[in-house]
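Each chain, written out:
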Amino acid sequence: MTLLQATSSIKTLCLEKNNNELTLKKIHNYFYQCQGLMNICKLPWIDFIVRTTNPYDINIERIYRDSVMWEQNLLPKLKAFFLNAMLPELTHPRHKKYPGIREPGIWYNVSIKGSTPGPSKKKTLHDHDDTDDESTKTDFNPLPPLKRNRRKCSTIKFVGRRIAHEWILEDGCKKWFKGLVLSVLKKSDGDVNAVYEIKYDGEDDANEVEHKELLEDYRNSSLKFIDI
């Protein structure tokens, strides 16, 4: 099977046919990787090569750096991931602790209730203070156990997001599909009664999926955001 033939039979192939030419899909992870590499390394272009051995076939495509896509799409999401997920985990790890590591797109709030007086500190000769008391009390605010803010899940917005979605096939097997939420067909984005248009990679037609189904799968870890 040649690469050209594979574009019509292998839905997960990274290439697509455009005017009898093979090009890398603009929504494929490889395309984002190429753009990230070029913008980080300040490269003007990169050659993307796909090769098969039996039968031998090769496709070489020159991809040019898209600075607008980097500044408006990729870089803001990378910054959000680093500042909201990675950096807090490095400074205050929650690995193997409740409620778990910080996942992209899922943030947790900490609320501090009241204050508890700390132990008294006895003065020594090295302490310098203008007061006449022999001891002083230090107040501090203890951190309560972290709680998952579940109310945020009801206002999750999906339009424009890249997702990985687990589906149950006709034979009962489960399979993950990657796709892009194109638009909202009914109501507004985040509304509990909204209906979304989702284009899964390799599929010719888009699918209509209700918000409540996406939300339920998201809570059950059957749907993940993969764009940040």
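The structure under discussion appears in the preceding block.
Notes on the structure follow. Just so it is clear, the structure is predicted and the values come from calculations on it, not from any experiment.

Further remarks concern the overall build of the protein. A count of helices and strands for the protein gives four helices and 11 strands. Residue pairs at least 24 apart in sequence account for 43% of intrachain contacts in the protein once pairs closer than 6 positions are excluded. As displayed, the protein has an accessible area near 16200 Å², and 52% of this comes from carbon and sulfur atoms.

Read across the open sheet, the five strands follow the order 10-9-8-7-11; overall the sheet is antiparallel. Each having just a single partner strand, strand 10 (207–210) and strand 11 (223–225) make up the two edges of the open sheet. Ignoring which end each strand starts from, the neighbouring axes of this sheet average 40° apart. Where helix 4 (residues 211–219) meets the sheet, it contacts strand 7 (162–168), strand 9 (195–200), strand 10 and strand 11, and its direction lies at approximately 70° from that of strand 10.

Next up on the list: the nonpolar core. General note: in soluble globular proteins, nonpolar side chains tend to be found buried as a group. Residues Cys14, Leu15, Leu24, Cys34, Phe48, Val50 and Ile63 are the most contacted members of the largest nonpolar core, which totals 17 residues. Elements with a contribution of two residues or more to this core: helix 1 (3–9), strand 2 (21–24), helix 2 (29–41), strand 3 (45–53) and helix 3 (67–91). Excluding its chain neighbours within four sequence positions, the residues that come into contact with Val50 are Leu3, Cys14, Leu15, Asp57, Ile58 and Asn59. One finds Tyr196, Leu214, Leu215 and Phe225 within the second-largest nonpolar core, a separate group that totals 15 residues.

Attention now goes to the packing of aromatic side chains. Counted according to the given criterion, the structure contains seven aromatic pairs. Where Tyr30 meets Phe48, the ring centres are 5.9 Å apart and the plane angle is 45°; that geometry is what we call tilted. Highlighted residues: Tyr30 in helix 2 and Phe48 in strand 3, separated in sequence by 18 residues. The class for Tyr30 is partly exposed, based on a relative accessible area of 38%. Both rings, one in Phe158 and one in Tyr196, keep their centres 5.5 Å apart while their planes meet at 70°; by these two values the pair is edge-to-face. Of this pair, Phe158 sits in the loop between strand 6 (135–140) and strand 7 while Tyr196 sits in strand 9; the two residues are 38 residues apart in sequence, bridging distant segments of the chain. Overall, Tyr196 belongs to the buried group, its relative accessible area being 0%. One Lys or Arg, Arg62, reaches over the ring of Trp45 and ends 3.4 Å from the middle of that ring. Above the face of the Phe225 ring, Arg161 is positioned so that its terminal group lies 3.9 Å from the ring centre.

What counts as what
Residues numbered from 1 in each chain as written. Predicted model: local features only at pLDDT ≥ 70, side-chain atom pairs only at ≥ 80, totals over all residues. Heavy atoms only, no water. Helix = DSSP H or I, 4+ residues; strand = E, 2+ residues; numbered from the N terminus. Contact = heavy atoms within 4.5 Å. Areas by Shrake-Rupley, 256 points an atom, 1.4 Å probe, with all protein chains shown as cover. Pairing = 2+ DSSP bridges. Axes fitted to C-alpha atoms, helices over the stretch in contact; angles between N-to-C directions. Core = buried A, V, L, I, M, F, W, Y, C linked by side-chain atoms within 4.5 Å. Buried < 20%, exposed > 50% of the residue type's maximum accessible area, 1.4 Å probe, protein only. Phe/Tyr/Trp six-rings, centres within 6.5 Å; stacked < 30°, edge-to-face > 60°. Lys NZ or Arg CZ within 6 Å of the ring centre and 35° of its normal.

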